[in-house]
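Okay, here's what each chain looks like letter by letter:
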Amino acid sequence: MATATTANPHLADHSHDSDHGHHEDPFWRKYVFSTDHKMIGLQYGFTALFFLAFGFYLMLCMRWSIAYPGVQLPWYLRLFLVDRFVSDGVMNGSLYNMFGAMHGTIMVFLGIVPLGFAAFGNYVTPLQIGAIDMAFPRLNMASFWCFFIGGLMMLGSFFMPSGAAQVGWTNYSPLATTAQLDYPNVFWTGQTMWLSAMVFIITSSLLGAVNFIATIINLRAKGLTWMRLPFFVWAMMVTGFLLLLAFPPLEVAAIMQLMDRLAFSSFFVPEGLVVNGARFDVSGGGSPLLYQHLFWFLGHPEVYVLLLPAIAIVAEVIPANTRKPLWGYRSMVYGVLVLGFLSFIVGAHHMYMTGMGAWVSAFFQTTTVLISVPSVILLTCLLISLWGGSIRFTPPMLWATAFLPMFGIGGLTGLPLAFNLIDLHLHDTYYVIGHFHYVVAPGVIFGLFAGLYHWYPNWTGRMLNGFLAHLHFWPSLIAMNVLFAPMMVQGVAGFHRRWYDGGQSFPLTTDKVLFEANGFISNLFANGELITIRDLNILMTFGAMMLAVAQLPFIINFFGSLVFGKKITSDNPWGATTLEWATPTPPPHGNFTFEPVADKGPYEYSVPGADRDFTPQWIEPAEEGRPVEEPVKV
């Protein structure tokens, strides 16, 4: 199809305004209810980082309970919430369930998705396509505030009489429908508030998705044809379509479950349900499996909503630090499109235990194996892009290169779970937890850290401290593997994911011998004593604590560099080729001081005969007399 590109329709008006001095907005308009895509991206970013830190705190409390069951949590973990629910500072099963449910919810819906898609996407996408803002700035502002309200509701649920939601981050019916119904006001319970908050969070994602798609299609600069778009922009558009198509079923499911709780409907409540020893007084006839189908229709596209922004960031960082083009650019574009399509027809592999028939099971096994193909294409292209490059191991490059093997481990450990025969053994074990967290923790989060280090100079005009960056990276890399690798071993041994006491109540499984007494490993780490599967809990909790400490240099670096960071001497400190580096640094209102025109691809590094090792894809203002190529057909 023809790829008509659009010149910036407001750039002339912006230039006219700049001639007469741009009107300075009041504080509340500039920093609170802003319609500037850069400020909204920063709002999303800071809010998401806060939620990631809070979700991480919940995980530390859970890991302590698993490693040291019945032992009082240390004071620094009891500071916030624990003493509100238990008087002795010891986590019980109910509190563990609450923290587990909210850890998953907060990390996925309030942490990683807002940071990857909303924060980086909002800040970078308009800059990379040469636009002055998103297509619908006010819609963009509304998207953030819907997200913010949903986040406050999630946090507020901890302070309700019932506490927060307790039935897992998936919120399965009928347990979720019947939980916390013994409180006088069912609306003011954490379980109900979880559903209400999800409606706001999903609405926020839908508003953002529409905005991204419209912006990328309509506001590209002159000459910026489809195959000249940076891979980051392609990934943002595919992610937008995933959100737009996959989130509505979950929003509908949340509203239906709200009706089951508040209006005594029975969308997901079966007939003859017994709750607390008594027949549940409801009409019945609903299907709990219907909720699972609606949830996982979102749930697996959601994995790629988490993952694609990180892959896209790595695809920007690697060419800039190898000084060579991104290998297989077109293959990556087609791969991410196929990945987006296939993600909608694999979700039921989470439901093998529901008793689906052999033919349906075979279909989802096949699609699950197929979806690994475009994933491998993306990873292979990124790996080959390193070959023969003049690699600069800058801080963002450290995170980008570490992302590759970590994501590879996460992907490879997922392949066995594609087969229902193996899933019967591994379902709900720590193997699943380890697989998923290798994808989203050392995988996705490493990619997001690469982006933070890469675009920090564009946002602030200053560089992050290199020593503190290394002090952040290396302990984080080690701690991530200490935390998640043992989960694979425990999972294969049958260690269940929901044992709040670390398996103490199930000795037949957890007391299996891992290393015999007086062996080499036992002598090295346990004074010659026997090491069991359960003992790995202590190792993993140590890794979690180490990971928490490793984030302190980043926090100091991130905020300290705002004031003390070395000022950049060029608006393009990495010598990159994409359009976000054509702006002044930091980008002003309207972003560009000239009308950006693209006349080449996004990754023109080390071009033979060029006078430097990078050739920006935009025409420099001094070169505006050069002809612009007509849009090509793809």
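Scroll up to find the structure.
Per chain, the residues get numbers from 1 upward, laid out in the order the sequence is written. Per-residue local features are limited, in this predicted model, to residues with pLDDT of at least 70; the limit for side-chain atom pairs, both in listing and counting, is 80 or more; totals at the level of whole chains, interfaces and linings are taken over all residues. By convention in this description, side-chain values take in all heavy atoms of the structure and omit both hydrogens and water.

## Points about the packing of aromatic side chains
Ring pairs (aromatic) are described by centroid distance and by the angle formed between their planes. Between 30 and 60 degrees the pair is tilted, below 30 it is stacked and above 60 it is edge-to-face, where a pair is any two Phe, Tyr or Trp rings, Trp via its six-membered ring, whose centres lie within 6.5 Å. In total, this model carries 54 aromatic pairs according to the counting rule given. Ring plane angle 45 degrees and centroid distance 6.2 Å describe the contact between Phe109 and Trp169, whose orientation is recorded as tilted. In this pair, Phe109 sits in helix 6 (residues 93-128) while Trp169 sits in the loop between helix 7 (137-156) and helix 8 (175-178), placing the two residues 60 residues apart along the sequence. Considering the side-chain rings of Phe449 and Phe554, the 5.1 Å spacing of their centres and the 70 degrees angle between planes classify their relative orientation as edge-to-face. In this pair, Phe449 is assigned in helix 17 (residues 430-460) and Phe554 in helix 21 (residues 536-564), connecting sequence segments 105 residues apart. Secondary structure follows DSSP: runs of H or I at least 4 residues long count as helices, runs of E at least 2 residues long count as strands, and numbering of each begins at the N terminus.

## Things to note about the side chain of His349
Looking at where His349 falls in the secondary structure, it is placed in the loop between helix 12 (329-342) and helix 13 (358-370). Looking at His349, its side chain comes within polar contact range of the side chain of Thr368, at 2.8 Å. Whenever two N or O atoms come within 3.5 Å, that pair is a polar contact, provided that in protein one can donate a hydrogen and the other can accept it, and provided that, for residues adjacent in sequence, both atoms are side-chain atoms.

## What about the packing of helix 14 (residues 372-386) against helix 15 (residues 395-414)?
The N-to-C vectors of helix 14 and helix 15 enclose an angle of 140 degrees; their axes lie 11 Å apart at closest approach. With respect to helix 15, the element helix 14 is oriented oblique. Helix-helix and strand crossings are classified by hand; for helix 14 and helix 15 the assignment is left-handed. Between helix 14 and helix 15, the residues in contact are Ser375, Leu379, Leu382, Leu383 and Leu386 and Met397, Thr401, Leu404, Phe407 and Gly408, respectively. To get an axis, fit a line to the C-alpha atoms, keeping to the stretch in contact for a helix; angles then go from 0 to 180 degrees between the N-to-C directions. The cut-offs work like this: below 35 degrees is roughly parallel, past 145 is roughly antiparallel, 65 to 115 is roughly perpendicular, and the gaps in between are oblique. Crossing handedness is defined as follows: a turn of the near helix away from the far one that is anticlockwise and smaller than a right angle gives a left-handed crossing, while the clockwise case is right-handed. Contacts between residues were defined by any pair of non-hydrogen atoms, one from each residue, lying within 4.5 Å.

## Points about unusual backbone geometry
Residues Ser173 and Pro174 are joined by a peptide bond in cis, for which omega reads 5 degrees. As for its position among the elements, Pro174 is in the loop between helix 7 and helix 8. With an omega of -5 degrees, the peptide bond between Thr585 and Pro586 qualifies as cis. With respect to the secondary-structure elements, Pro586 resides in the segment after strand 6 (566-567). Notably, Ser606 is not glycine yet its phi reads approximately 50 degrees, a positive angle. Position of Ser606 among the secondary structure elements: in the segment after strand 6. Note on exposure labels: buried denotes an accessible area under 20% of the residue type's maximum, exposed denotes more than 50%, and partly exposed covers the range between, all computed with a 1.4 Å probe on protein chains only. Classification of Ser606 by relative accessible area gives partly exposed; the value is 41%.

## Describing the pattern of salt bridges
The term salt bridge refers to a pairing of a side-chain nitrogen on Lys or Arg with a carboxyl oxygen on Asp or Glu at a separation within 4 Å. Within the structure shown, the criterion is met by seven salt bridges. Asp613 is the partner of Arg323 in a salt bridge, and the nearest nitrogen-oxygen pair spans 3.0 Å. Remark: Asp613 occurs in the segment after strand 6 and Arg323 occurs in the loop between helix 11 (288-322) and helix 12; sequence separation between them is 290 residues. Overall, the relative accessible area of 6% leaves Arg323 in the buried class. Residue Asp428 is joined to Arg498 by a salt bridge in which the shortest nitrogen-to-oxygen separation is 4.0 Å. Of this pair, Asp428 sits in the loop between helix 16 (420-426) and helix 17 while Arg498 sits in the loop between helix 18 (466-492) and helix 19 (507-510), and the two are 70 residues apart along the sequence.

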